[in-house]
Amino acid sequence: MKIRSTALSAAFALAALLGTAAIPAFAAKYETIDATAGGTSTQLGRMGTIRLIIYEYSQADDRQILVEAFQHGQNDGLANALEKMKAVGRITIPGTLGFDVSYIRVVKTPTGRSIRFITNRKIAFGEHYWDSQSKSFNLTAGEINIDDQDKKKSGGVLFPATQLNVNKDGELQWDLRQNKWTLSNVIVWPGDSTKEK
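In this convention, every chain numbers its residues from 1, walking through the sequence in written order. At least 70 in pLDDT is required for a residue's local features to be given in this predicted model, at least 80 for side-chain atom pairs to be given and counted, and no such filter applies to totals for whole chains, interfaces and linings, which use all residues. Each side-chain value is derived from all of the structure's non-hydrogen atoms; neither hydrogens nor water enter the calculation.

1. Notes on the overall build of the protein chain
- Helix and strand labels come from DSSP, where a helix needs a run of H or I of at least four residues and a strand needs a run of E of at least two; each type is numbered from the N terminus. Along the backbone of the protein chain there are 3 helices and 10 strands.
- Counting from the amino terminus, the protein chain carries its helices and strands in the arrangement α-β-β-α-β-β-β-β-α-β-β-β-β.
- We call a residue buried when its accessible area falls under 20% of the maximum for its residue type, exposed when it is over 50%, and partly exposed in between, using a 1.4 Å probe and counting protein chains only. Buried positions account for 38% of the 197 residues belonging to the protein chain.
- Of the roughly 12,300 Å² that the protein chain leaves accessible, carbon and sulfur atoms contribute 56%. Note on areas: Shrake-Rupley, 1.4 Å probe, and residue coverage restricted to the protein chains presented here.

2. A look at the pairing of strand E8 (residues 155-166)
- Counting buried positions over the 12 residues of E8 gives 9, a clear majority of the element.
- Two strands pair under a simple rule: DSSP has to find at least two bridges between them. Here 6 bridges tie strand E7 (residues 139-147) to E8, and the two strands are oriented antiparallel to one another. Paired with Gly 142 across the bridge in E8 is Leu 158.

3. What about the side chain of Asn 75?
- Within the secondary structure layout, Asn 75 lies in helix H2 (residues 60-84).
- In this structure Asn 75 comes out as buried when scored by relative accessible area, which is 4%.
- A 3.5 Å cut-off defines polar contacts: any pair of N or O atoms within that distance qualifies, except that in protein one atom must be a possible hydrogen donor and the other a possible acceptor, and neighbouring residues in sequence count only when both atoms are side-chain atoms. A polar atom in the side chain of Asn 75 sits 2.8 Å from the backbone nitrogen of Leu 164.

4. Some thoughts on H2
- With 25 residues, H2 extends just 16 Å between its outermost C-alpha atoms, more than 12% less than the 36 Å of an ideal straight helix rising 1.5 Å per residue.
- At Gly 73, H2 shows its strongest bend, of approximately 140°. Helix span, as expected, comes to 1.5 Å for every residue beyond the first. Bend is the name given here to the angle between axes fitted to two runs of seven residues, the run ending at a residue and the run starting at it.

5. Section: the packing of aromatic side chains
- Between 30 and 60 degrees the pair is tilted, below 30 it is stacked and above 60 it is edge-to-face, where a pair is any two Phe, Tyr or Trp rings, Trp via its six-membered ring, whose centres lie within 6.5 Å. If you walk through the whole model with that rule in mind, you get 1 aromatic pair.
- Measuring from centroid to centroid gives 4.9 Å for Tyr 30 and Tyr 55, while their planes differ by 55°, and the two rings are tilted. Separated by 25 residues along the polypeptide, Tyr 30 in the loop between helix H1 (2-26) and strand E1 (31-39) and Tyr 55 in the loop between strand E2 (47-54) and H2 bring together distant segments of the chain.

6. Regarding the pairing of strand E5 (residues 103-109)
- Sheet analysis places E5 next to strand E6 (residues 112-120), joined by 7 bridges and oriented antiparallel. When the sheet's bridge partners are listed, Tyr 103 is paired in E6 with Ile 118.
- The hairpin formed by E5 and E6 contains 2 residues between the paired strands.

7. Topic: the pattern of salt bridges
- The salt bridge definition used is simple: a Lys or Arg side-chain nitrogen within 4 Å of an Asp or Glu carboxyl oxygen. For the structure shown, the criterion picks out 6 salt bridges.
- Put simply, Arg 113 and Glu 31 hold a salt bridge, and the shortest N to O gap is 2.5 Å. Of this pair, Arg 113 sits in strand E6 while Glu 31 is found in strand E1, placing the two residues 82 residues apart along the sequence. Comparing Arg 113 with Glu 31 shows no difference in burial state: the two are buried.
- The shortest N-O distance in the salt bridge between Arg 90 and Asp 100 comes to 3.3 Å. Pair noted here: Arg 90 is in strand E3 (residues 89-92) and Asp 100 is in strand E4 (residues 99-101), with a separation of 10 residues, a long-range link.
- Assessed through its relative accessible area of 40%, Asp 100 is described here as partly exposed.

8. Describing unusual backbone geometry
- Not every positive phi belongs to a glycine, and Gln 74 is a case in point at roughly 55°.
- Looking at the element boundaries, Gln 74 is found in helix H2.
- What makes Gln 74 partly exposed here is its relative accessible area of 36%.
- The residue Asn 185 is not glycine, and still its phi comes out positive at about 50°.
- For Asn 185, the location among the structural elements is in strand E10 (residues 181-189).
- On the basis of relative accessible area, Asn 185 is assigned to the exposed category, the value being 55%.

9. A short note on the nonpolar core
- Counting residues in each nonpolar core, the largest one holds 22 residues, and the members touching the most others are Leu 52, Ile 104 and Ile 115.
- Looking at this core, the elements with two or more residues in it are E1, E2, E4, E5, E6, E7 and E10.
- Not counting chain neighbours up to four residues away, the residues in contact with Ile 104 comprise Leu 52, Ile 53, Ile 54, Tyr 57, Ser 58, Val 88, Gly 89, Ile 115, Arg 116 and Phe 117.
- In plain words, nonpolar cores are sets of buried Ala, Val, Leu, Ile, Met, Phe, Trp, Tyr and Cys residues tied together by side-chain atoms within 4.5 Å. If you look at the next biggest cluster of nonpolar residues, it comprises 15 residues, including Leu 66, Ala 141, Phe 159 and Leu 164. The criterion used for residue contact is that any of the two residues' heavy atoms lie within 4.5 Å.

As structure tokens, then:
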């Protein structure tokens, strides 16, 4: 009986050791950015909070995949490529429960950094059911400029429902379903999982 209880104690000790070793993987802290989103033009006065949680930044290979997808299939090609990518973050915007973000890139600026993101927009049931024109605006994109020298100058822009097209001059442009949202009151909660690659 004593041998059995010793073996059982050893098994529990091993399980506790393995469980303890696994805790840091589950308790990983992600960089989180909160901002106040304010509507513009016809949406002036509408306010809400957005939250961008960054698990990791996308790599240069991911950017190249998106460029090639757009070259071959325009906006739909880009949307298809984004759908196949793994989630590198998550965003919540007013009126949604949140959804995964497929591409997040950081660019250094003279005063800090700029975080650019793009992902597939969740199409509402009513849009599917009524086959509305808004379904073609199947992307959500944005840019958050973080000023490390003067936090009050941090801000950005959010395109909740957009598509990417080439204009008559051959330049890329965002076509919006509604107006852009301006981002202000940016708060950055640092994480240890977003080292630049």
